[in-house]
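Here is how the chains run, residue by residue.
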2 protein chains.
Amino acid sequence: MVIESINNPSDVKKLKSGDIEILADEIRRAIIRKMSATGGHVASNLGIVELTIALHRVFDIPRDRLIFDVSHQTYAHKILTGRKKAFLDREHFGDISGFADPAESECDPFRLGHTSTSISLACGLAQARDMKGEKHNIIAVIGDGSLSGGIAFEALNRASEACTNMIIVVNDNEMSIAENHGGLYGNLAKLRETDGKYPNNFFTSLGFEYVFERDGNNAEKLCEIFQSVKDSQQPVVVHVVTQKGKGLEAAEKEKEKWHWHAPFDGRISECGNSNSNAANGNNSVGDNSRDSVSQEDNLPGSDLCSENLQKDNFKDEDLKMPAKKEDYRTYLGEFMLKKMQSDNRVLAVTAATPSVFDFFEDKRVKADSQYIDLGIAEQNAAGFVCGCAAEGLKPVMGVYSSFIMRSIDQLFEEAALNAAPAVFAVGNASIWGTNDVTHLGIFDIPILSHIPGLVYLAPTTLEEMYSMMNWAISCKDGPVAVRIPAGKVYRGKSEPNVSYSLKCEYCVTRKGSGIAVIAAGGFYHLGEAAAEVLSEKYAISPTVVNPRYLSGVDAETLENLKTGHNAVLTLEDGVVNGGFGAEIARYYADSDMKVLVRGLKNEFIDRYDPAEVLESSGLTAEKLALDAFEAYQAFETRSNQDR
Amino acid sequence: MVIESINNPSDVKKLKSGDIEILADEIRRAIIRKMSATGGHVASNLGIVELTIALHRVFDIPRDRLIFDVSHQTYAHKILTGRKKAFLDREHFGDISGFADPAESECDPFRLGHTSTSISLACGLAQARDMKGEKHNIIAVIGDGSLSGGIAFEALNRASEACTNMIIVVNDNEMSIAENHGGLYGNLAKLRETDGKYPNNFFTSLGFEYVFERDGNNAEKLCEIFQSVKDSQQPVVVHVVTQKGKGLEAAEKEKEKWHWHAPFDGRISECGNSNSNAANGNNSVGDNSRDSVSQEDNLPGSDLCSENLQKDNFKDEDLKMPAKKEDYRTYLGEFMLKKMQSDNRVLAVTAATPSVFDFFEDKRVKADSQYIDLGIAEQNAAGFVCGCAAEGLKPVMGVYSSFIMRSIDQLFEEAALNAAPAVFAVGNASIWGTNDVTHLGIFDIPILSHIPGLVYLAPTTLEEMYSMMNWAISCKDGPVAVRIPAGKVYRGKSEPNVSYSLKCEYCVTRKGSGIAVIAAGGFYHLGEAAAEVLSEKYAISPTVVNPRYLSGVDAETLENLKTGHNAVLTLEDGVVNGGFGAEIARYYADSDMKVLVRGLKNEFIDRYDPAEVLESSGLTAEKLALDAFEAYQAFETRSNQDR
């Protein structure tokens, strides 16, 4: 086995050329084997194996700097840079993340997970190199899909101006996750058709040198190409065509489904444990789909009986899709389909994350022209929906919490300032969302809640999500964002006729006294559970409030609570700093009301177990009830002493 | 006078062709006359007069939709669409804003002020038109400088894919504000050199049809061109070359200085009041430089003695630059120059707003290669500085508060998550910053303060700004943002050796009791003034705290304040929602401390007078002292009753 001899990049250089193909094959099977147990970015990693080998064979990493855009396609790179154990030994499957991480290896210059930034970072590295008089190569590997992101263009524009060494490898697998979109992709297609000879070339128009290689899964050819551009003193684009999903029949056929995939049944022949891996995941829960790992990524490997890498033969019929878990996104997608059927002004718009709506191909076909994927381009998507809304359409931009950070300026200017009646469905905005550190959905409340004129709603049940989406779509007075819950799907009373307005109005769901629990969105049920404990254990019958709005506070309800309550417990499924509860604390700050603001700590957490995070943050019904009771009791005791 | 006959776009169509040039001349002189009194975007508006006339002559606005990118170049458009009075009658100079505004005219589809969004909005308008089966033209007018912004590229990519009518007029005046940057500009230069015939054309590579016109200040030629593309069923780029500043000799020569200009001495010959306008403004205070109006934009016109539009002849020597007001930005620029001279790893980086550093050409020459303008590209600028920082450079990104909203995702991912030791100097982050609604600098605290791992500092004096910048540049542990004050420059003790750390640590500047005033950044002096009133009027000697940090809270200091104080007044030069004081309210929320959180209301305000806003928000020393005293007294009274 060739892979046994590879412990660092220099070993790749020592290989006889005849062994390269064998190594590629072994890497590919190691990836499939691990993915079948843990899930992960299957197709993108299978496509880039030879490219990665060739890069390490020609360049001197880490002296030469290598940045993979998004970095979810770094599995082969990890195998070649001292981390192969995490792919070969199931005991170590959990050792590494699904993304680049400098803490794992000096061959990873950055911790990345959002697309389109590699060239920008590379420009910074090049600036430093040139100022310090150093001479190494700087290589950015970027997929065709990521090229549509604005920061990629901004950085291309800079790179070509800087006129020093930079090698931009465009890994063209003819699709991002779903289809590619936009005029650039027409140009890539023409370049593919003409072996790179089409004269009106996007890259050379910007001043780049340009090299084309059709056979991006041929390591030897790639080595020649890379050798030819190594140490170039001009910025050069190496355009290579690779086959996404290569080596796994199902993934080759259904690239989108296999871009990221949950654990699957590999039916590894030498094991005979044909069903052992048809396990606990599914292909959408917890996954941001475009470029994320799901929580399933970190499950321990299931019972592979051997780590030997024999030649396996994976076929479609060998792969059984596990049943899907119930997911708010599926219901959101079904809601959107119905809504679009009944009103041809409703649009579902996304920036390359159709999974926000659970819009795999079947639903996209049904949605037809009312579904618009703008490619990886969150700024444009936000501007676009404002333009649509200005003319009476009813656009809903589906966007993950982690990626809406790219649209903040448009939310302020084009949406809020213009009172554009666009809707933003913010997905995976939850501790139960994606658990990778680059894709956390816990930071949006402090940002979206305080954009003046933007209404931010937080449904607590499926029915409430429908009500809020219905109102948001019907609202003509300004932009509305709806924070789609993640995790367990809760049912509530069907409230088709509930109405909302721009004015923040809480809903008191249980009238009590002493303590008021104001629990927003995904943490409402935790609030209810804490209220139960207060009743049963502490003989207090608290008031429970579903605030419904994350933006603003309902002064009338808060004022009313001053009667008969001396403590308020707030809960939110996001960081507490500057968030929902902080505003309630600010409201009561000059009163006698004691406020306990509870939610998540403001920190980056990685590959976490939601239950553990909740436990360690004091976010259990028992602990919350205790805290609230103690605040209540301290006040009561002092009041009694005072009397 | 031709201009007298023009009251709406249809009047432009009725003009004899011989009158077009006369109209252009009259419009140009009206603009110069008004600008000399009020200041404004001089050069960009002078360059686009004929283009605007031609658009209105050929297209049917508002049935055809016309979006000017940034919209600071809409003066001629305003004159032609029923708003000429605001240019001809000084009593009405203040009637309109310097940007597009639907409230002023149905010919303005959006309220805009940030660059690069016009094509994105146009894509939305086109989507709506096509879905509704309508047939009008959609025209976006975008300057060459704005093309570098990522959202412009994202939208170009969409527009060319959508394959329906859209006319994108690229107004190429061969510079954005300073020089143009990046590879795209090389392509534009080649297209200019070849009369648009250079075969490797950026726009056609993306699938656009393309038309070139060298003489973009020739209305008749432009009319022909627009007539030829009107009702096109394909997206088309009309590339026109215009002369920025045309008609004002000084502005033609010094385009950057005259992009936006304060009131100036027009020496209008018929008036004889040769110095009357060398007035109260200067070219940088309150101005975001790239695409903003300053507060001076809204000053009443100075004493022009006649509104007649005679043929004036403006020359350099006629124009006297008023003396500059003292400005934090000037000192920041001088600091950066010194810093760069003493340390060749320090960089001043900007996304087309050199004025953050007050870096006009003389200083840029001095800064040489340590000054880098990346063009309008805030995402790339933020990524770029993180790349630089990763390799040991010490980059400082100078960015206005209003524009940093475009870098939020990079602040989270590339900067904070990677602990990249880059520095962000956030300018005009203040009620005394730019007062145009699209450029407010009052919304950044809730966003930047809560990015985990990003330290956000708020200097209160010039010396403290130096200390903080010094530390920020020396810090190797993570990103630091410094909120550069605006308005009056305050002096403090020189503290060259003050040190900071990642840990939030407040500075108690005056020890007292009863009430603690915690006043951040630009509002520190207001806090001191309130403390004075408390002493003199209410016989309370309050504690005064300069918190220095906007990120996090100093728990130790806050805990200590519980002894001897029963009320805390917080102050911040920004909106209170989710901001600095809200975090202090959250800290004390379950204690007996009464907290008054004071700062600005969370709303869009336009062309305001800072003093009026402060007054109406209760942000005067008298009112704040009274509020704090009442909170203090209420507590004391109750405590005494309780005893």
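Residues numbered from 1 in each chain as written. Chains lettered and ligands numbered in written order. Predicted model: local features only at pLDDT ≥ 70, side-chain atom pairs only at ≥ 80, totals over all residues. Heavy atoms only, no water.

Any chance you could explain the overall build of chain A here in plain terms?
A count of helical and extended segments in chain A gives 23 helices and 16 strands. Considering chain A as a whole, with its 643 residues, one finds that 69% of them fall into the buried category. Within chain A, residue pairs in contact and separated by at least 24 positions form 79% of the contacts whose partners lie at least 6 positions apart. With an accessible surface of roughly 19900 Å², chain A has 46% of that area assigned to carbon and sulfur atoms. (Helix = DSSP H or I, 4+ residues; strand = E, 2+ residues; numbered from the N terminus. Buried < 20%, exposed > 50% of the residue type's maximum accessible area, 1.4 Å probe, protein only. Contact = heavy atoms within 4.5 Å. Areas by Shrake-Rupley, 256 points an atom, 1.4 Å probe, with all protein chains shown as cover.)

Would you mind going over the environment of B:Glu91 with me for this structure?
Along the polypeptide, B:Glu91 turns up in the loop between helix 6 (85-88) and helix 7 (118-132). Along the chain, B:Glu91 and B:Ala351 lie 260 residues apart, while their C-alpha atoms are 37 Å from each other.

Would you take a moment to explain the relation of the copies chain A and chain B for this structure?
In summary, the two copies of the chain are related to each other by a rotation about an axis coupled with a shift along it. Its rotation angle being 180°, the transformation that places chain A on chain B also includes 0.0 Å of axial translation and leaves an RMSD of 0.0 Å. A rotation of that kind, with that shift, is consistent with a two-fold axis. Interface overlap between copies: 100% of the residues of chain A at the interface are likewise at the interface in chain B, consistent with a symmetric, same-surface contact. (Least-squares fit on C-alpha atoms with pLDDT ≥ 70 in both.)

Honestly, the pattern of salt bridges in this entry has me stumped. Any pointers?
Pairs can form between side chains of opposite charge whenever their charged atoms are close. Evaluated as defined, the whole model comprises 62 salt bridges over all chains. Residue B:Glu391 is joined to A:Arg65 by a salt bridge in which the shortest nitrogen-to-oxygen separation is 2.7 Å. Linking B:Glu391 in the loop between helix 15 (378-390) and strand 8 (394-400) with A:Arg65 in strand 1 (residues 65-68), this pair reaches from one chain into another. Given the relative accessible area of 19%, A:Arg65 is considered buried. B:Lys594 is paired through a salt bridge with A:Asp592; the nearest N and O atoms lie 3.3 Å apart. Of this pair, B:Lys594 sits in strand 16 (residues 594-600) while A:Asp592 sits in the loop between helix 21 (580-588) and strand 16 (594-600), which puts the two residues in different chains. When its relative accessible area of 6% is taken as the criterion, B:Lys594 is described as buried. (Salt bridge = Lys/Arg side-chain N within 4 Å of Asp/Glu carboxyl O.)

I'm lost on the interface of chain A and chain B in this one. Help?
It is common to report an interface's size as the accessible area lost on association of the parts. Contacts between the two partners involve 100 residues from chain A, matched on the other side by 100 residues from chain B. Counting the surface lost from both chain A and chain B, the interface buries some 8600 Å², and carbon and sulfur atoms represent 57% of this. Interface area lost by chain A to chain B is led by A:Glu154, A:Glu391 and A:Leu417, which between them contribute 8%. For the pair chain A and chain B, the interface holds 6 salt bridges. Summed over the shared surface of chain A and chain B, the number is 46 residue pairs in polar contact (both at pLDDT 80 or more). (Buried area = accessible area lost by both parts, 1.4 Å probe. Polar contact = N/O pair within 3.5 Å; in protein donor to acceptor, adjacent residues only side chain to side chain.)

Just to check I follow, could you spell out helix 19 (residues 524-538) of chain A for this structure?
Residue and element names in this part refer to chain A. For helix 19, spanning 15 residues, the distance from its first C-alpha to its last is 20 Å, which sits close to the expected 21 Å at 1.5 Å a residue. Those residues of helix 19 not exposed but buried are Tyr-524, His-525, Leu-526, Gly-527, Ala-530, Ala-531, Val-533, Leu-534 and Tyr-538. In the segment just after helix 19, Ala-539 is the residue with positive phi, at about 55°. (Expected span 1.5 Å × (residues − 1).)

Before we go on, may I ask you to explain the side chain of B:Thr242 in this structure?
Residue and element names in this part refer to chain B. By the secondary structure assignment, Thr-242 is in the loop between strand 5 (235-241) and helix 12 (249-253). At 2.5 Å, the side chain of Thr-242 forms a polar contact with the side chain of Asn-171. If near-sequence neighbours (up to four positions away) are discounted, Thr-242 is found in contact with Gly-47, Asn-171, Asp-172, Asn-173, Gly-216 and Asn-217.

Looking at this structure, how should I read the nonpolar core?
Generally speaking, nonpolar side chains in soluble globular proteins are found buried as a group. Ranked by internal contacts, the top residues of the largest apolar core, which has 320 residues, are A:Met336, A:Met469, B:Met336 and B:Met469. With near-sequence residues (within four places) excluded, B:Met336 lies in contact with B:Val346, B:Leu347, B:Ala348, B:Phe357, B:Phe359, B:Val396, B:Met469 and B:Ile473. (Core = buried A, V, L, I, M, F, W, Y, C linked by side-chain atoms within 4.5 Å.)

Would you mind showing me how to read the side chain of B:Thr438 here?
Considering the arrangement of structural elements, one finds B:Thr438 in the loop between strand 9 (423-427) and helix 17 (444-448). By relative accessible area, B:Thr438 is classed as buried at 1%. Leaving out residues up to four positions away in the same chain, B:Thr438 has contacts with A:Glu413, A:Leu417, B:Phe99, B:Leu112, B:Gly113, B:His114 and B:Ser402.

Can you walk me through helix 5 (residues 75-83) of chain B in this structure?
Turn by turn, an α-helix covers 3.6 residues, leaving residues three or four places apart pointing in a common direction. Residues and elements named next belong to chain B. Burial within helix 5 is extensive, with 8 of its 9 residues counted as buried. Within helix 5, burial applies to Tyr-75, Ala-76, His-77, Lys-78, Ile-79, Leu-80, Thr-81 and Arg-83. Those residues of helix 5 that are buried are in contact with helix 1 (9-14), helix 2 (17-38), helix 3 (42-47), helix 4 (49-58), strand 1 (65-68) and helix 6.

Would you take a moment to explain the pairing of strand 15 (residues 565-575) of chain B for this structure?
Regular strands have side chains that alternate between both faces of the sheet. Residue and element names in this part refer to chain B. Burial analysis of strand 15 places 11 of its 11 residues in the buried class, the great majority of the element. As paired elements, strand 13 (residues 514-519) and strand 15 share 6 bridges and run parallel to each other. Opposite Gly-514, over in strand 15, you have His-565 as the bridge partner. What joins strand 15 to strand 16 is helix 21 (residues 580-587), and the crossover it makes is right-handed. (Pairing = 2+ DSSP bridges. Right-handed = clockwise from strand over helix to strand, strands pointing away.)

Sorry, what's going on with the sheet that holds strand 10 (residues 455-457) of chain B here?
Note on sheets: strands pair through backbone hydrogen bonds, and any given pair is parallel or antiparallel. Residue and element names in this part refer to chain B. Reading across from one edge, 7-6-8-9-11-10 is the order of the 6 strands in this open sheet, with parallel pairing throughout. One side of each edge strand has no neighbouring strand; the edge strands of this open sheet are strand 7 (371-373) and strand 10. This sheet shows a mean twist of 20° between the axes of neighbouring strands, independent of strand direction. Note: strand 8 against strand 9, 5 bridges, orientation parallel. Within the sheet, the bridge partner assigned to Met-397 lies in strand 9 and is Phe-424. Seen against the sheet, helix 15 touches strand 6 (346-350), strand 7, strand 8 and strand 9 and runs at an angle of roughly 160° to strand 8. (Axes fitted to C-alpha atoms, helices over the stretch in contact; angles between N-to-C directions.)

Any chance you could explain the confidence of the model for chain A here in plain terms?
Do not read the fine detail of predicted coordinates wherever pLDDT is low. Residues and elements named next belong to chain A. Chain-level statistics for chain A give a pLDDT mean of 90 and a share of 89% at 70 or above. Segment residues 268-287 is flagged for pLDDT under 50; beyond a separation of four residues in sequence, or across chains, it makes 79 contacts in the model. This complex was scored by the predictor with a pTM of 0.92 and an ipTM of 0.92. (pLDDT = per-residue confidence, 0-100.)

What exactly am I supposed to notice about unusual backbone geometry here?
Of all residues except glycine, most have a negative phi; of all peptide bonds, most are trans. A cis geometry characterises the amide bond from A:Ile61 onward to A:Pro62, with omega recorded as 15°. Mapped onto the elements, A:Pro62 comes out in the loop between helix 4 (49-58) and strand 1. In this structure, B:Cys163 takes a positive phi of about 60° despite not being glycine. Note that B:Cys163 resides in the loop between helix 8 (150-162) and strand 3 (166-172). Phi angles above zero are rare outside glycine, and B:Asn428 is one such case at about 50°. Owing to a relative accessible area of 5%, B:Asn428 belongs among the buried residues under this scheme.

Looking at this model, I keep getting lost on the packing of helix 9 (residues 183-193) of chain A against helix 8 of chain B. Mind explaining?
Two quantities define a packed helix pair, namely the angle between the helix axes and the distance between the axes. Between helix 9 of chain A and helix 8 of chain B, the least distance of the axes is 6 Å, while the angle of their chain directions is 70°. With respect to helix 8 of chain B, the axis of helix 9 of chain A lies roughly perpendicular. Side by side, helix 9 of chain A and helix 8 of chain B meet where A:Gly183, A:Leu184 and A:Tyr185 of the first sit next to B:Phe153, B:Asn157, B:Ser160 and B:Glu161 of the second. Here the contact of helix 9 of chain A with helix 8 of chain B is composed, by residue class, of 3 nonpolar, 3 polar and 1 charged. (Parallel < 35°, antiparallel > 145°, perpendicular 65-115°, else oblique. Nonpolar A, V, L, I, M, F, W, Y, C, P; charged D, E, K, R; others polar.)

Looking at this structure, how should I read the packing of helix 4 of chain B against helix 11 (residues 219-229) of chain B?
Residues and elements named next belong to chain B. Close contact between helix 4 and helix 11 brings their axes to 8 Å; oriented N to C, the two are set at 45°. Of the possible angle classes, the one that applies to helix 4 and helix 11 is oblique. In this structure, the crossing between helix 4 and helix 11 has a hand that is right-handed. Where helix 4 abuts helix 11, its residues Glu-50, Leu-51, Ala-54, Leu-55, Arg-57 and Val-58 lie against Ala-219, Leu-222, Cys-223, Phe-226 and Gln-227. Among the residues forming the contact of helix 4 with helix 11, the class breakdown is 8 nonpolar, 1 polar and 2 charged. (Left-handed = near helix turned anticlockwise from the far one by under 90°.)

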